[in-house]
Amino acid sequence: MTLIDRPPAHADARPATQRLLEALDARRPGHALPAALYTDPDLHELDLRFIWQRQWIFVGSVAEVPEAGDYLTVDLGPSSVLVLRDDDEQVRAFRNVCRHRGARLVEPGHGSVGNLVCGYHRWTYGTDGALRHAPQLMPGTDPACLGLRTVALREVAGLLFVCLAADPPDDLDRVAEVVDPYLAPHRLSSAKVAAQVDLVEDGNWKLTMENNRECYHCDGHPELLCSLFPTWGLAAHQVPERLRADHERYLQAERDLVARCEELGLPHALVDDLVHRSVGFRVQREPLDGAGESFSPDGRALVRRLLGDLPEFRLGRLGLHTQPNAWFHLQADHAITFAALPLSVDRTLVRTTWLVDADAEEGVDYDVEELTATWRATNAQDADFVALTQAGVADPGYEPGPYSEAEGQVEAFVSWYADRMREEVAR
Amino acid sequence: MTLIDRPPAHADARPATQRLLEALDARRPGHALPAALYTDPDLHELDLRFIWQRQWIFVGSVAEVPEAGDYLTVDLGPSSVLVLRDDDEQVRAFRNVCRHRGARLVEPGHGSVGNLVCGYHRWTYGTDGALRHAPQLMPGTDPACLGLRTVALREVAGLLFVCLAADPPDDLDRVAEVVDPYLAPHRLSSAKVAAQVDLVEDGNWKLTMENNRECYHCDGHPELLCSLFPTWGLAAHQVPERLRADHERYLQAERDLVARCEELGLPHALVDDLVHRSVGFRVQREPLDGAGESFSPDGRALVRRLLGDLPEFRLGRLGLHTQPNAWFHLQADHAITFAALPLSVDRTLVRTTWLVDADAEEGVDYDVEELTATWRATNAQDADFVALTQAGVADPGYEPGPYSEAEGQVEAFVSWYADRMREEVAR
Amino acid sequence: MTLIDRPPAHADARPATQRLLEALDARRPGHALPAALYTDPDLHELDLRFIWQRQWIFVGSVAEVPEAGDYLTVDLGPSSVLVLRDDDEQVRAFRNVCRHRGARLVEPGHGSVGNLVCGYHRWTYGTDGALRHAPQLMPGTDPACLGLRTVALREVAGLLFVCLAADPPDDLDRVAEVVDPYLAPHRLSSAKVAAQVDLVEDGNWKLTMENNRECYHCDGHPELLCSLFPTWGLAAHQVPERLRADHERYLQAERDLVARCEELGLPHALVDDLVHRSVGFRVQREPLDGAGESFSPDGRALVRRLLGDLPEFRLGRLGLHTQPNAWFHLQADHAITFAALPLSVDRTLVRTTWLVDADAEEGVDYDVEELTATWRATNAQDADFVALTQAGVADPGYEPGPYSEAEGQVEAFVSWYADRMREEVAR
């Protein structure tokens, strides 16, 4: 049978899990995923159940909830999660749903509260989630059983991960042991938010992630290219003659960075464990081009103050990737967190947050426009690429093509996804 | 299994009726309905079949079609019903669909016609629905078999109810016997429309009804509270000390109203039969606060002319609730009808109509802005509550919570709904 | 069971093909189609598979891609087809999808290219579809296997038809033999595009076609009526007395046209083979009213230059209908092509293109507003009729009605559709 004749998903009476397994089985190693995994609303519902309601998801930073009572909300598919710093300064996560008749408890976004008061019937919860006040309860109704439903939450060096499952995967702590030494010197837990931008991409969340996992398309990112060495992502044997000098420059910058990290006791070596665990991850410190300090046209720092304990600016970029939905760039002057969050089978929210040292002053130590320019432009370009791809994979004429040598992390993401989905179906 | 793991409705291959029964069985007495009944498009289709295409539905008043040829249309889900006063002054209802190739016959809204002429091929029907003219019919085509399809219609004291079923439930006449004496003195059949407002609420129709069936949320209705006694809905033992004086005032007002009704021969006692019949209903005359005449800031009448045969203004509010979709407030100076009509699984139209005496003159006897102010504000507030609730019940984190002592009529509505749905599945 | 009780399509767990066959079986001869065939998204998916991905579809004219590198795109449901004149002047069709990760290759519409370069990773294809350039391919990846997927394309007298099937129906060539002598003298292959207008109709594509296939509704087309004899479509015995003189005028005009065609060697006789072949068609030359030259208020030509080899203006209208999606009017001064293209179960694109002689100069030999006035107005009126009908057939109160004597070609279209769908289910 040719792809042309594949039955349209929603006219398909077979169980969604069967269609999921057939799509996963149909994938050829080294090739993109079959279309149904990007376009079938029923399979998207399985993504929500098996990835977004089962795995650890990056949702934001402690810097977004600095004071007691501060909260943020994040939507994992249809599930709204309320992340709140309670009166004891502990960050907690709850379902953003009133226990009475289900009204949404707080409006989407960021805010600050004393108690959590439902707008409908004024049921009132403490920041610990306990039901404090509800008038005219029926005899026999026990308020102690009507506290907000909790959601598992972990902090890793100032980054917040939640898991909607009753029994979260247990390997986040082990991943934290590895990545914490890389991140700790940046002291994100005491950083402050300089800017946050939400962008909606017209594509499936996996296309957003696949796009992030390669720089094979980086010719389409003129602003970003200022910070990347021209031979970034090329193996030595792939470097064309005309780029030989650039490559030497890159190798020297890498040697300098490694030497300096050794002196300063900063971990830098690549650890890549993207596929074979629930919290697949990859961490590495790499040099940046130009002055080598930050994502700016000339490579110089965009913030005058160093983040946390760092002694100097020229420390390149600490890159962290976590499955299924995040990537991070930590420089000596600022850090950027990226979270991809599915809105529907073909729409994805990308939330980008710029963090600077708590003592850095806007207008004095940094300019927000300058600070955010490179990644606002790059995100907008990526949104176009993702939309082009969603349109194409929804076409019956689409056949998954072969990945290039520059797309190893895309293959890793897709493999991680396929393994997790199979595991969940088998549970 | 936790709610988190419930399969997404539209990935669910089981027959919709099976899912319906499972959802109804999952409901705990005294608790809100399971989410699927508010969010699953397939179960909404069953609501359309078992409620909206089977039960008697309030659609408007005779005052909306005062002259021969006047019509209104109303959509019951995908079914457009044409309510028309024919040339013999009789109000009839038809399917708003041409018998030729199905073109919509009249545009939505209100209007007036001589004959009903289809805009497509000019097939022409009389106000009695008979096909009067259709050119070039094939030999053997019998125009007598091509009249408009009729829809069952009944008038109750000037209120119009339709039923799309071929065999409508037979108890509307018995309900009419009970409620007619309450409504008759207001003479709605000879009233006139002062205003009509359509509002779309972003929620399932049952959430709109549940919201209407309780005043537990009335703190959110500042304008409406002027007309309600502060202890409205509280049992004697629930009245807090600080409201003791208000409660005495309420009890006195009630005694006065009862006495006056007895003198005037106006029925006033509560009749509550909301659950155990197809046309569940509840009727009662109750005092209003302040001057006790109408829904105004000081309780005084908003219209200078009395409705129908009524001798005086201070007669409080005659409240009528009918399942599945209507509620009514009849004061001595004006009456208000409310119809909830489903647009989709998560959108509902609320049509509010203000009726005044036929001889009342706009600008002289009443001001439309003043007349409609309280309920325009209250409806807008309710629309917000319904939208908050729809967002929350669509969240996998939603668990149906317990009703309070103030939500008895919500329980009654939900029970009526569950009973009707089970009956229809069993037919 | 009454229509009221028919289960809503998408709550229906039966396979879509079974529902399709039941709907086709439920159709009474001489009557419109059952509602599900116009409203059920699953059955629309079967339309896409069995009609739009199997049959020959009219997509445009060679005049739209006059030069090497010129292209147009057309969407057949979710399938975007790229029609391109290659470097050897041959018109080809490809899937508009990159072979790498599926990005849409060219933007929708018309344009011109040297090579086809994917905007995502810069994979580059020649106008022959071959992959010319793709960096860092994995060892063992063969670029020769990664050319653009081709789509079958045929030209008939300057009109372009494509078929998405791997094994296109074989009768287009035989149809071409019949219609080519009718069209050839108009020389469309060397015409030029004077105007093109895309209009979206809010209805199923079959309603668009059914509307085109009859003039029973032409009272609704005042501009068009100028060009049609008042007795158009009436059999002799149906002509009312008051139109007798008009009918005589029509018969005379027809005799004149036939005589002139015989002298000029122009084929004119009706050939009607709409039902019993894949490329159902109907062709005929007919007189126009007034001056008999063109679709203008007075019947005079709208373009000063004759199309192709034609010797004079008064040659009426050469009408060509092809199943499933096109109709054509060829006059001596200009030709008009119409393509209906489904956007969704209830939205259809109608693309209208006006062709004039290559040497005709805009502003000198014709005025675009004048040239397009009649059919822009007529298309807008038809869009209203189609929207009215879609609204009505989606109403559970819809019952397919009887066709009149004036709707023989509607019956033919519907029969063609039913036969093709049954054939495909049986394959």
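Rules of the game
Residues numbered from 1 in each chain as written. Chains lettered and ligands numbered in written order. Predicted model: local features only at pLDDT ≥ 70, side-chain atom pairs only at ≥ 80, totals over all residues. Heavy atoms only, no water. Salt bridge = Lys/Arg side-chain N within 4 Å of Asp/Glu carboxyl O. Helix = DSSP H or I, 4+ residues; strand = E, 2+ residues; numbered from the N terminus. Buried < 20%, exposed > 50% of the residue type's maximum accessible area, 1.4 Å probe, protein only. Contact = heavy atoms within 4.5 Å. Buried area = accessible area lost by both parts, 1.4 Å probe. Polar contact = N/O pair within 3.5 Å; in protein donor to acceptor, adjacent residues only side chain to side chain. Nonpolar A, V, L, I, M, F, W, Y, C, P; charged D, E, K, R; others polar. Least-squares fit on C-alpha atoms with pLDDT ≥ 70 in both. Domains from an automatic or database assignment. pLDDT = per-residue confidence, 0-100. UniProt positions renumbered as here; feature names shortened; annotations may be inferred. Disulfide = S-S within 2.5 Å. Axes fitted to C-alpha atoms, helices over the stretch in contact; angles between N-to-C directions. Left-handed = near helix turned anticlockwise from the far one by under 90°. Arc of directions from axis to C-beta.

For chain A, an unreviewed UniProt entry supplies the name Aromatic ring-hydroxylating dioxygenase subunit alpha and the organism Nocardioides bruguierae.

## Brief notes about the pattern of salt bridges
Overall, the coordinates contain 99 salt bridges over all chains when judged by the stated rule. The partner of Asp365(A) in a salt bridge is Arg305(A), with the nearest N and O atoms 3.5 Å apart. Of the two residues, Asp365(A) is situated in the loop between β17 (347-357) and α8 (368-393) and Arg305(A) in the loop between β13 (281-286) and β14 (317-322); the sequence distance between them amounts to 60 residues. For Asp365(A), a relative accessible area of 12% puts it in the buried group. Put simply, Arg19(C) and Asp40(C) hold a salt bridge, and the shortest N to O gap is 2.7 Å. Of this pair, Arg19(C) sits in helix α1 (residues 16-26) while Asp40(C) sits in the loop between α2 (36-39) and α3 (41-52), placing them 21 residues apart in sequence. For Asp40(C), a relative accessible area of 3% translates into the label buried. Each of Arg54(A), Asp167(A), Glu424(A) and Arg427(A) takes part in a single network of salt bridges with overlapping partners.

## Comments concerning the interface of chain B and chain C
With 34 residues of chain B at the contact, the number on the chain C side is 41 residues. Note on chain B versus chain C: buried area summed over both sides is about 3200 Å², and carbon and sulfur give 54% of it. Linking chain B to chain C there are 6 salt bridges. A salt bridge links Arg149(B) to Glu399(C); its shortest N-O distance comes to 3.7 Å. On inspection of chain B and its partner chain C, the count reaches 16 residue pairs in polar contact (both at pLDDT 80 or more). Contributing elements (two or more residues each) for the side of chain B that touches chain C: α3 (41-52) and β3 (79-85) of chain B. Considering each element in turn, the side of chain B that touches chain C owes the most residues, 4 residues, to α3(B). A class-by-class count of the residues in the side of chain B that touches chain C yields 15 nonpolar, 9 polar and 10 charged.

## Details of the relation of the copies chain B and chain C
Each copy superposes on the other: chain B lies on chain C with an RMSD of 0.0 Å after a rotation of 120° and an axial shift of 0.1 Å. Classification of the inter-copy transformation places it as that of a three-fold axis. The share of interface residues of chain B whose copies in chain C are also at the interface is only 3%, consistent with the copies meeting through different surfaces.

## Some points on the relation of the copies chain A and chain C
Aligned on chain C, chain A shows an RMSD of 0.1 Å; the corresponding rotation is 120° and the shift along the axis is 0.0 Å. Mapped onto chain C, only 2% of the interface residues of chain A are again interface residues, and the two copies thus contact each other with different surfaces.

## Comments concerning the domain arrangement of chain A
Interface extent is often summarised as the accessible area lost during association of the parts. Residue and element names in this part refer to chain A. Annotation of chain A at the domain level lists domain 1 (57-156) and domain 2 (171-426). Each of domain 1 and domain 2 was reduced to a C-alpha centroid, and the two centroids are 32 Å apart. In this assembly, 15 residues from domain 1 lie in contact with 22 residues from domain 2. Looking only at domain 1, the three residues that lose the most surface to domain 2 are Phe 58, Ala 63 and Val 156, adding up to 42% of its buried area. Counting across the interface, domain 1 meets domain 2 through 1 salt bridge. Between Arg 154 and Asp 173 there is a salt bridge, with the nearest N and O atoms lying 3.4 Å from each other.

## Here's the deal with the interface of chain A and chain C
Of the residues lining the interface, 41 residues belong to chain A; the matching set on chain C comes to 34 residues. With both sides pooled, the region where chain A packs onto chain C buries about 3200 Å², and carbon together with sulfur makes up 54% of that total. Seen at the junction of chain A and chain C, the total is 6 salt bridges. Close ionic contact of Arg104(C) with Asp395(A) constitutes a salt bridge, the shortest N to O distance being 2.9 Å. Taken together, the links from chain A to chain C amount to 16 residue pairs in polar contact (both at pLDDT 80 or more). Of all the secondary-structure elements, those providing two or more residues to the side of chain A that touches chain C are α5 (205-212) and α8 of chain A. Ranked by the residues each element gives to the side of chain A that touches chain C, the list is headed by α8(A), at 6 residues.

## Observations concerning the confidence of the model for chain A
All names here are of chain A. Looking at chain A, the pLDDT average stands at 95 and 97% of residues meet or exceed 70. A low-confidence stretch, residues 1-10 (pLDDT under 50), is modelled with 26 contacts involving residues beyond four sequence positions or located in other chains. Scored as a complex, the prediction yields pTM 0.94 and ipTM 0.93.

## Structural notes on the UniProt feature "domain: Rieske" (unreviewed entry) in chain A
UniProt tags residues 56-162 of chain A as "domain: Rieske" (unreviewed entry). Helix makes up 0% of residues 56-162 of chain A and strand 42%, and the two end C-alpha atoms of the span are 5 Å apart.

## Topic: the state of the cysteines
Residues and elements named next belong to chain C. Counting across every chain of the model gives 3 disulfides over all chains. One disulfide bridge connects Cys 215 with Cys 218, the sulfur atoms lying 1.8 Å from each other. Its torsion about the S-S bond being -105°, the disulfide of Cys 215 and Cys 218 is classed as left-handed. A relative accessible area of 4% means that Cys 218 is categorised as buried.

## Examining the packing of α1(C) against helix α9 (residues 408-426) of chain C
All names here are of chain C. One can describe the packing of α1 onto α9 by two numbers: an axis separation of 11 Å at closest approach and a directional angle of 145°. For the element pair α1 and α9, the recorded crossing hand is left-handed. Taking contact as the criterion, the partners of Leu 20, Leu 21, Leu 24 and Asp 25 in α1 are, on α9, Tyr 417, Ala 418, Met 421, Arg 422 and Val 425. For the contact of α1 with α9, the per-class residue count stands at 7 nonpolar, no polar and 2 charged.

## Thoughts on helix α4 (residues 172-183) of chain C
Residue and element names in this part refer to chain C. All of the buried residues in α4 are Leu 172, Val 175, Ala 176, Val 179, Tyr 182 and Leu 183. Taken around the axis of α4, the buried residues stretch over an arc of 120°, which confines them to a single face. Looking at the buried residues of α4, the elements they touch are β9 (150-156), β10 (159-163), β12 (271-273), β13 (281-286), β14 (317-322) and β15 (326-330).

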